[in-house]
Structures are given as structure tokens and as C-alpha cells.
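Coordinate analysis (summary)
In case you want the letters, here they are:
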Amino acid sequence: ADGKARFNTVQAAINQALLDGRRLVAAQSSKQRLFILLKPGTYQELLYVPTTALPITVYSNESDATKTKIAASAHAALLGTAYIHRYGAQFAQVDSSIQEMYASLKDRPVIGTSGSAIAWIRGHGFQAKNITFQNTYNKDQVDTKAECPNTVCGATAGTAPVVVVQHQAVALMVEGADKVQFENVRVLGFQDTLFLKSS
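I will try to describe carefully the structure that is included in this document. (Residues numbered from 1 in each chain as written. Predicted model: local features only at pLDDT ≥ 70, side-chain atom pairs only at ≥ 80, totals over all residues. Heavy atoms only, no water.)

Things to note about the sheet that holds strand β2 (residues 41–44)
The strands making up a sheet associate through backbone hydrogen bonding, with each pair oriented either parallel or antiparallel. Applicable threshold: By this definition, two strands are paired if DSSP reports at least two bridges between them. Only DSSP runs of H or I reaching four residues or more are called helices, and only runs of E reaching two or more are called strands; each is numbered from the N terminus. Between the N-to-C directions of two axes lies an angle of 0 to 180 degrees, each axis being a line fitted to C-alpha atoms and, for a helix, fitted only over the stretch in contact.
Strand order in the open sheet formed by 4 strands is β2-β5-β8-β11, and the pairing between neighbours is parallel. The open sheet has two edge strands with one neighbour each: β2 and β11 (186–188). Direction aside, neighbouring strands of the sheet carry axes that sit 15° apart on average. Taken together, the 4 bridges between β2 and strand β5 (residues 68–72) define a ladder with parallel strand orientation. Along β5, the bridge assignment pairs Thr42 with Lys69.

Following this line, the structure appears as C-alpha cells:
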């Protein structure tokens, strides 16, 4: 009755905001933005925000951004099959615009640098406040058995095999979205941590 709903994951809330935004625009509502309040805790998931009908704000009421995290582990050399195994279920029942983002990565041999983003933002006017975006890949210790597409990961033609266990691991990527705003956020990753892929 108060117009609020509760969700167990951030992506589920984004999905509903996407649907609600379309409905509100079609109904010529005066609403200009949709808000998603995150309770303190660690949300272990990917966050994909497609182009949306209304801008979305994701925020925490905790001024300490360490208390509210969106965190997952992915890296540029992660096999597409491993990506499906880890995250496929998360995108099984979401809007087709979010599924399209997932589908653009799942059949790749490896997901690549841009595919490793934990938070992938395409929605114009997206805002985030008091939140940590973290790619946890190799954050605490080096994984000497990190996934590679073959045993000579990183080797180039004419060189001896070079085992590379440190790959790009993007925490936050903004792609094609205009007027995106971040306030009091922490962005933690291994390389290319913040990827601004917008003109």
C-alpha cells in the first residue's frame, strides 16, 4: 500500500524498477526517478543496469560505504562456461534487456576485461550513494590456480609459456550512460577497477 516492495537481491530490485519505470512512463506519471534502498550487508551478486525508462538511484542510509557492498569475483580470463555456472541462475528470470547483457558474455571463450565488471551500468541518470562496489578476485591473496583458457595463458607467439595469474578485474563499468552520478562510494578491484566506457 505504501508503494514499497522488498527484494532479496539488488538485481531483482533493479529488474522491478525497470518494469515499473516503463509502466509509469506509459501512464504519463510525474515521477522522475525510482529509488532502491539497500540495507547494510554484502550482496554477493552481479549488478547489471540496462537502459531504463526512468533513472534509478541505489543508495544506503549508512554514511559509511564499507557497510553496504555489492561484491562478486570475475576476471578477464574467466571462461564463459565458468561465468554461466557462477551467475547464470541470477539472470534466468529477469527482463530481456538485462538478459541481453548477460547473453553478450556467456558464449565467449573468456569474458574479457569489460565482461569482468561486477556492476555494469547502461542506464542514463543512474545514481549510487554510500555503497561499495567490489570485485573480490585475488583481493586477499593471489590465486596461483586462477582459471585460464589454456595452460599457456598470456603467452605470445614465439615465446615460452608464461603462466599469468593476475588478470583485469573490473569493479564498476559505465557504458554509454549519460549523467551518471556516484556519491560517497568505494570502488575496489584488481586492474581497470573503474572502467568508463562512455563518450
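Things to note about the pattern of salt bridges
Applied cut-off: Salt bridge, as applied in this entry: a Lys or Arg side-chain nitrogen positioned within 4 Å of an Asp or Glu carboxyl oxygen. Remark: exposure states derive from per-residue accessible area (1.4 Å probe, protein chains only) relative to the maximum for the residue type, with buried under 20%, exposed over 50%, and partly exposed in between.
Per the stated rule, a full pass over the model turns up 7 salt bridges. As a salt-bridge pair, Arg23 and Asp20 come within 3.6 Å of each other at their nearest N and O atoms. Of this pair, Arg23 and Asp20 both sit in helix α1 (residues 10–26), 3 residues apart, which is roughly one turn of that helix. Under the relative-accessibility criterion, Asp20 is labelled partly exposed at 23%. Notably, a salt bridge pairs Arg22 with Asp95, separated by 2.8 Å at the nearest N-O pair. One end of the pair, Arg22, is in helix α1; the other, Asp95, is in the loop between α2 (80–87) and α3 (96–106), with 73 residues separating them in the sequence.

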